[in-house]
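# Descriptive analysis of the structure
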Amino acid sequence: MAQVFVTRKLPEVAEKVLRGAGHTVIVAGQDGPLPRDEFISGVARADAVITLLTDKVDGEAMDAAGSIKGFANYAVGFDNMDVAAATKRGIPLSNTPGVLTGATAEMAWALLFAVSRRLVESDTIMRSGRWPGWGPMQFIGGDVGGRTLGIVGAGRIGTAMALKSRGFEMPVLYTDESRNETLERELGARKVDLDTLLAESDYVSVHVPLMPSTRHLFGTKAFQRMKNTAYLINTARGAVINEAELVQALRERVIAGAGLDVYEFEPKMVAGLAELDNVVITPHTASATEDSRNGMAELAARNVLAMLEGREPETCLNPEVFQ
Ligand code: DGY
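Residues numbered from 1 in each chain as written. Predicted model: local features only at pLDDT ≥ 70, side-chain atom pairs only at ≥ 80, totals over all residues. Heavy atoms only, no water.

Moving on to the overall build of the protein chain. The helix and strand inventory of the protein chain stands at 12 helices and 12 strands. Against the compact-globule benchmark of 20 Å for 323 residues, the protein chain has a radius of gyration of 21 Å, which places it among compact chains. Burial status across the protein chain gives 51% buried among its 323 residues. Long-range pairs, those at least 24 residues apart, make up 58% of the contacts in the protein chain with a sequence separation of at least 6. By element, 52% of the accessible surface of the protein chain is carried by carbon and sulfur atoms, the whole surface being about 15,200 Å². (Helix = DSSP H or I, 4+ residues; strand = E, 2+ residues; numbered from the N terminus. Rg over C-alpha atoms; globule rule 2.2 N^0.38 Å. Buried < 20%, exposed > 50% of the residue type's maximum accessible area, 1.4 Å probe, protein only. Contact = heavy atoms within 4.5 Å. Areas by Shrake-Rupley, 256 points an atom, 1.4 Å probe, with all protein chains shown as cover.)

If you want it as structure tokens, here you go:
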């Protein structure tokens, strides 16, 4: 029987799967990001750990762990994990791809509509009692149907976002390291370089993982290449965008607006962002649906079971440790 440390309360199914297999589950006491010292001491006593994107799984944490069998991230993004350090130590890592694809793509669409059709501003005026009645010039926003959708990073989530454009008959452009035959076949999408995508798209939706090469992929230069009527949507990772430069671009109407679910310095936002009316901001909730969060919890728990049994987890980030 092993001891599994879970760094924050998760949907029940995670504990059910782990306890059902006879393991002891220790869930960190507080419902908030775990202070580093508590994380390290929890890791030190565990045989395996379920971590969150707010936990830094680095060499220090790995060395604090005695004979740890692995770390299972409750997220598809794994920029909080040092994969090379884990591989060097022979420690398996896993993430939760697939189960949150639909929910995240839907959130990208929700943000796209919310910012282009000015839903938050409209809701605010209705609640305030200040709406003077119908007016021909009120809350004019951006059109969606027939406009060009640019997908930056056509992996699982980028592909799902693009496929959902079908009903809106949007030409689709995408950037990716490899050709996406599904998008080309289903939508006639065109693979282009980033500069072309920025110049031609009316909606630019970001779906790249955060890596050294994608940090601040979007900054002043990128915003200047975009149409001043274009909208930027980000459900990936905040630091892909230089947030201070985004605030400036939104303030000066270099681009029309942005829909953001992720931030460079979570949980903080850079000064000025929250004061802008051409941005819709949500608290990193793109995967927050029943099915998606349950799916993440179950997959993370199954990955832990595999690690404890010395098997390769379903969604292993460093399968080479099993060779
Ligand atoms: C992820 O999975 O990477 C999201 O950011 C949180 O669900």
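Note that an α-helix has 3.6 residues per turn; residues three or four places apart therefore point the same way. Within helix H11 (residues 243–251), burial applies to Glu243, Leu246, Val247, Ala249 and Leu250. Along the axis of H11, the buried positions cluster into a sector of 165°, meaning they face one direction only. For H11, the side-chain oxygen to backbone nitrogen distance between the N-cap and Ala244 is 3.3 Å, and the N-cap itself is Asn242. (Arc of directions from axis to C-beta. Polar contact = N/O pair within 3.5 Å; in protein donor to acceptor, adjacent residues only side chain to side chain.)

The next thing to look at is a nonpolar patch on the surface. The grouping of Met126, Trp131 and Trp134 at the surface amounts to a nonpolar patch, some 430 Å² of accessible area in total. Mapped onto the fold, Met126 is located in helix H6 (residues 119–128). (Patch = residues over 30% accessible without salt bridge, like charges linked within 9 Å, V, L, I, M, F, W, Y side chains within 5 Å. Salt bridge = Lys/Arg side-chain N within 4 Å of Asp/Glu carboxyl O.)

To continue, consider the environment of Glu169. Structurally, the position occupied by Glu169 is in the loop between helix H7 (156–163) and strand S7 (172–175). A relative accessible area of 66% means that Glu169 is categorised as exposed. Sequence separation of Glu169 and Gly146 is 23 residues, and the distance between their C-alpha atoms is 5.2 Å.

Turning our eyes to something else, we now look at the domain arrangement of the protein chain. Segmenting the protein chain into domains produces domain 1 (3–98 + 290–322) and domain 2 (101–281). Using C-alpha coordinates to define each centre, domain 1 is positioned 32 Å away from domain 2. For the pairing of domain 1 and domain 2, the buried interface totals around 530 Å² over both sides, and the portion due to carbon and sulfur atoms is 50%. The largest per-residue losses of area from domain 1 upon contact with domain 2 belong to Leu53, Asp79 and Gly98, which jointly make up 64% of the total buried on that side. If you look at where domain 1 meets domain 2, you find 1 salt bridge. (Domains from an automatic or database assignment. Buried area = accessible area lost by both parts, 1.4 Å probe.)

Read from one edge of the open sheet, 5 strands run S2-S1-S3-S4-S5, paired in parallel fashion. Since the sheet does not close on itself, it has two edges, and those belong to strand S2 (24–27) and strand S5 (93–94), each with one partner. Here 3 bridges tie strand S3 (residues 48–51) to strand S4 (residues 71–73), and the two strands are oriented parallel to one another. Pairing of Thr51 across the sheet is with Asn73, part of S4. Along the sheet, helix H1 (residues 13–20) makes contact with strand S1 (3–6), S2 and S3, crossing S2 at roughly 150°. (Pairing = 2+ DSSP bridges. Axes fitted to C-alpha atoms, helices over the stretch in contact; angles between N-to-C directions.)

In space, the 7 strands of this open sheet follow the order S8-S7-S6-S9-S10-S11-S12, with parallel pairing throughout. Bordering the open sheet on either side are strand S8 (190–191) and strand S12 (279–281), each of which pairs with just one other strand. Examined bridge by bridge, strand S9 (residues 203–206) and strand S10 (residues 231–234) share 4 bridges and lie parallel to one another. Of the residues in S10, the one forming a bridge with Val206 is Asn234.

Burial along S7 is two-sided: Val172 and Tyr174 facing one way and Leu173 and Thr175 facing the other are all buried. In this sheet, S7 lies alongside strand S6 (residues 149–152) in parallel orientation, the contact comprising 4 bridges. Bridging from a neighbouring strand, Gly150 pairs with Leu173 of S7. Handedness of the S6-H7-S7 crossover: right-handed. Bridge count for S7 against S8 is 2 bridges, and the pairing is parallel. Bridging across to S8, Leu173 finds its partner in Arg190. In this view, the connection linking S7 to its parallel neighbour S8 by way of helix H8 (residues 181–187) has right-handed handedness. (Right-handed = clockwise from strand over helix to strand, strands pointing away.)

Bringing the packing of aromatic side chains into the picture now. Under the criterion given, the structure shown has 5 aromatic pairs. For the ring pair Trp109 and Phe113, a centre distance of 6.1 Å and an interplane angle of 35° mean the geometry is tilted. One end of the pair, Trp109, and the other, Phe113, are both in helix H5 (residues 101–116), 4 residues apart, so they sit about a helical turn from each other. Using a relative accessible area of 26% as the deciding quantity, one classes Phe113 as partly exposed. Here the aromatic rings of Phe113 and Phe168 are separated by 5.3 Å at their centres, their planes lie at 55°, and the arrangement is tilted. Placement of Phe113 in helix H5 and of Phe168 in the loop between H7 and S7 is noted, with a sequence separation of 55 residues between them. Judged by its relative accessible area of 31%, Phe168 falls in the partly exposed class. (Phe/Tyr/Trp six-rings, centres within 6.5 Å; stacked < 30°, edge-to-face > 60°.)

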